[in-house]
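Observations on the three-dimensional arrangement
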Amino acid sequence: MIPLSLDIRMLRSLQGLAETGSVTETARILGRTQPAISLQLQRLNDICGCDLFTKDGRQMVLTPDGVLVLSYAKSILRLHDELLSRLSAPDISGTVVLGTPDLYASFLLPSVLALFQRSFPKVQVQLQCSLSTPLVKQVHRGEIDIALVTRMNDFSGGQVVRQEQLVWLTGENSKAQHEAPVPLALLPPGNIYRDHAIDCLESVNRGWRIACESESVSGLQAATFSGMAVTVLGRSAKVQGMREIDSREGFPPLPKVDLLLYKAPGAKSDAANALHDYLAHHLSMQHQIASPDSVVAGDTGMSDDIVSRPGEAAE
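Residues numbered from 1 in each chain as written. Predicted model: local features only at pLDDT ≥ 70, side-chain atom pairs only at ≥ 80, totals over all residues. Heavy atoms only, no water.

Remarks on helix α2 (residues 23-30)
Cut-off, in case you're wondering: For every residue, the accessible area obtained with a 1.4 Å probe (protein chains only) is divided by the maximum for its type, and the residue is called buried under 20%, exposed over 50%, and partly exposed between those limits. Secondary structure elements follow DSSP: runs of H or I no shorter than four residues count as helices, runs of E no shorter than two count as strands, and numbering proceeds from the N terminus. By definition, the arc is the one covered by directions from the helix axis to the C-beta atoms.
Among all positions of α2, only Val23, Thr26 and Ala27 are buried. Along the axis of α2, the buried residues cluster in a sector spanning 100°; they form a single face. One or two steps after α2, the chain reaches Gly31, where phi turns positive at roughly 70°.

Thoughts on the side chain of Ser174
Our working rule: Polar contacts, as used here, are pairs of N or O atoms within 3.5 Å; protein pairs need one atom able to donate a hydrogen and one able to accept it. Residues neighboring in sequence count only if both atoms are side-chain atoms.
Looking at the element boundaries, Ser174 is found in the loop between β6 (159-171) and β7 (182-186). By relative accessible area, which is 6% here, Ser174 ends up buried. Engagement of the side chain of Ser174 in a polar contact is seen with the side chain of Thr170, the distance being 3.1 Å.

What about a nonpolar patch on the surface?
Keep this limit in mind: Within the patch definition used here, like charges are joined within 9 Å and nonpolar side chains (Val, Leu, Ile, Met, Phe, Trp, Tyr) within 5 Å, considering only residues with over 30% relative accessible area and no salt bridge. Each accessible area is a Shrake-Rupley estimate made with a 1.4 Å probe; only the visible protein chains count as cover when residues are assessed. What counts as a salt bridge is simple: a side-chain nitrogen of Lys or Arg found within 4 Å of a carboxyl oxygen of Asp or Glu.
Together, Leu68, Tyr72 and Ile76 line one region of the surface with nonpolar side chains, adding up to about 310 Å² of accessible area. By the secondary structure assignment, Ile76 is in helix α4 (residues 64-88). Relative accessible area serves as the criterion here: at 37%, Ile76 is assigned to the partly exposed category.

A few points about the side chain of Arg194
The condition that has to hold: Contacts were defined at the residue level, with two residues in contact if any of their heavy atoms lie within 4.5 Å.
Mapped onto the fold, Arg194 is located in helix α8 (residues 192-203). Those residues in contact with Arg194 that sit more than four places away from it in its chain are Leu186, Leu187, Pro188, Pro189, Ile210 and Glu213.

Quick word on the pairing of strand β8 (residues 208-213)
The line we're drawing: Strand pairing requires that DSSP identify at least two bridges connecting the strands. Crossovers are marked right-handed if the path from the first strand over the helix to the second runs clockwise, as seen with the strands pointing away from the viewer.
Examined bridge by bridge, β7 and β8 share 5 bridges and lie parallel to one another. By the bridge assignment for β8, Pro183 is matched with Arg209. One crossover worth recording links β7 to the parallel β8 by way of α8, and it is right-handed.

Concerning unusual backbone geometry
The omega torsion across Ala180 and Pro181 is -5°, close enough to zero to call that bond cis. A positive phi angle, near 55°, is found at Asn205, a position not held by glycine. Classification of Asn205 as exposed rests on a relative accessible area of 73%.

What about helix α6 (residues 109-119)?
Restricting attention to buried positions, one finds in α6 the residues Leu109, Val112, Leu113, Leu115, Phe116 and Ser119. All buried residues of α6 project into a common sector of 160° when viewed along the axis, lining one side.

Observations concerning the pattern of salt bridges
Per the stated rule, a full pass over the model turns up 9 salt bridges. Where Arg248 meets Asp246, a salt bridge forms, and the shortest distance between an N and an O atom there is 2.8 Å. Classification of Arg248 by relative accessible area gives exposed; the value is 74%. We classify Asp246 as partly exposed; its relative accessible area is 27%.

Shown next, in the form of C-alpha cells:
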C-alpha cells in the first residue's frame, strides 16, 4: 500500500481559502491559477477521504473534518516556513528599520516579528511607530527601510498584503452610541479611518462631534473604555472591554481598508529583503478564523466553485 502524502501546496490552498473566502482571491495571493487551486482542494478532499467543505446556499462552509484538517495544516505550514527561513538565515545579518502605525505594531505584528526573530536571529529590527502618511514619505526618502501602512487615497505604489475590516467599537457598558450627536474618538484629519467614520454617519444624516483626537491607538482605546466615545478601528484591534456596534443601533457598515507594504528604493540588503518578504507572506496568509464554525464564503461567481472541472490540470 502506497502511504498517503499531503502536498504543502494543498494545505496552503486550504488555509488560503479559509482566510480569504474565495478561490479566486486565494489564487491571486498564491500566484497561481484558479483551476489549479480548485484541483488542489479536490485532491485534498480525496486524500483525506472525507468532505472538507459543504455548501450552505451559495457559500462553502468547513465541515468538522475540514476544521480538523485546517488546524493541522496551520501547524504544518508554520513549521515548514520556519524551517525554510532558518535554513537561509545563518548568513543574513544587519539592522532593518520598520515603520508602522502603533495600531498595527500592537495587534498585527507581534506574532509575525517573533517568528522572524527566531528565523533570523542575526537581524536586528528597529521599530518606528508613526502615522501612515509621514511613514510613506520617509520610506520614499530612504529614511526607513520598510513601511507597513494603511492605504490613503493619495498613496501610490506599495504591495497590498492584507485588508482590514473597519468596525464601530464602544465600551462594553458604554452609552455613547446612543448620544446625539455621537461622540467620536478618531485619528487626526487626513486618516482614512476618520474619513470613513464621518462619511458613513453623514450618509445616514446622523450628527457627530469629536470627543477625542489621538495619533495613538491607546488614546482612542482610553476614550472608548471610559464610555466617552465611539471609535473606528480594524476588527483585529477589538480587545476585551470593547464591543462592536452595527446598523441596528444606527451605525452604517464600514468598508475594508488595504494595508500596503513599502520598501525603500535603497533598501537592498539581504536583511531588508528577508523582512520584507517575511511580512508580505505572513500578513497575507495570517489566519483570522474566529471559531471552528467560521464560514468560508465563496464569491457569487462560478469561478469560486471548488469542484474541479473536466480538463483542468494542476500547475
